[in-house]
Amino acid sequence: MAIAYTLIETAKLNKVDPQAWLTWVLGQIADHKITRLDELTPWRYAAQAA
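Calculation criteria
Residues numbered from 1 in each chain as written. Predicted model: local features only at pLDDT ≥ 70, side-chain atom pairs only at ≥ 80, totals over all residues. Heavy atoms only, no water. UniProt positions renumbered as here; feature names shortened; annotations may be inferred. Helix = DSSP H or I, 4+ residues; strand = E, 2+ residues; numbered from the N terminus. Salt bridge = Lys/Arg side-chain N within 4 Å of Asp/Glu carboxyl O. Core = buried A, V, L, I, M, F, W, Y, C linked by side-chain atoms within 4.5 Å. Buried < 20%, exposed > 50% of the residue type's maximum accessible area, 1.4 Å probe, protein only. Contact = heavy atoms within 4.5 Å. Patch = residues over 30% accessible without salt bridge, like charges linked within 9 Å, V, L, I, M, F, W, Y side chains within 5 Å. Areas by Shrake-Rupley, 256 points an atom, 1.4 Å probe, with all protein chains shown as cover. Polar contact = N/O pair within 3.5 Å; in protein donor to acceptor, adjacent residues only side chain to side chain. Phe/Tyr/Trp six-rings, centres within 6.5 Å; stacked < 30°, edge-to-face > 60°.

*Asks:* How should the UniProt feature "domain: Transposase IS66 C-terminal" (unreviewed entry) in the protein be read in this particular structure?
*Replies:* Under the feature "domain: Transposase IS66 C-terminal" (unreviewed entry), the UniProt entry names residues 6-43. Segment residues 6-43 splits into 55% helix and 0% strand. End C-alpha atoms: 14 Å apart.

*Asks:* I would appreciate a short explanation of the pattern of salt bridges in the present structure.
*Replies:* Opposite charge on two side chains permits them to pair, given that their charged atoms come into close proximity. Within this structure, the stated rule accounts for three salt bridges. The residue Arg 36 makes a salt bridge to Glu 39 at a minimum N-O spacing of 3.1 Å. Residues Asp 38 and Arg 44 are paired through a salt bridge, measuring 3.4 Å at the closest nitrogen-oxygen approach.

*Asks:* Honestly, the nonpolar core in this entry has me stumped. Any pointers?
*Replies:* Side chains that are nonpolar tend, in soluble globular proteins, to be buried together. Counting residues in each nonpolar core, the largest one holds six residues, listed as Ala 11, Val 16, Trp 21, Val 25, Leu 40 and Tyr 45. Beyond its immediate chain neighbours, meaning those up to four positions away, Tyr 45 contacts Val 16, Ala 20, Trp 21 and Trp 24.

*Asks:* Just checking my understanding: could you explain a nonpolar patch on the surface for this structure?
*Replies:* Taken together, the side chains of Leu 26, Ile 29, Ile 34 and Leu 37 make up a nonpolar region of the molecular surface, amounting to roughly 430 Å² of accessible area. Tracing the backbone shows Leu 37 in the loop between α2 (18-28) and α3 (42-49).

*Asks:* Explanation requested: the side chain of His 32 in the structure shown.
*Replies:* In this fold, His 32 is placed in the loop between α2 and α3. Since its relative accessible area comes to 19%, His 32 is described here as buried. In terms of polar contacts, His 32 uses its side chain to reach the backbone carbonyl oxygen of Arg 36, at 2.9 Å.

*Asks:* Which parts of the structure should I look at to understand the environment of Lys 33?
*Replies:* Examined against the element boundaries, Lys 33 turns out to sit in the loop between α2 and α3. Along the backbone, Lys 33 and Leu 22 are 11 residues apart, and their C-alpha atoms lie at a distance of 17 Å.

*Asks:* Help me understand the packing of aromatic side chains, please; the structure alone is not making it clear to me.
*Replies:* Two descriptors summarise a pair of aromatic rings, namely the distance from one centre to the other and the angle between the planes of the rings. Applying the stated criterion to the full structure yields one aromatic pair. Centre to centre, the rings of Trp 24 and Tyr 45 are 5.1 Å apart; their planes meet at 50°, and the pair counts as tilted. Here Trp 24, found in helix α2, pairs with Tyr 45, found in helix α3; they are 21 residues apart in sequence, far enough to count as distant. For Tyr 45, a relative accessible area of 17% translates into the label buried.

Structure follows, in structure tokens:
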């Protein structure tokens, strides 16, 4: 629960809808390289959505 809460609150702090961001991450993560996980952060998502 602590991990889930941290992810949700991090998204909120970055003014990102947590549900939309988590849905996007889950859609991307299967084909994403582990060395590029920083691309899945809420602030990167917000920059792409803008």
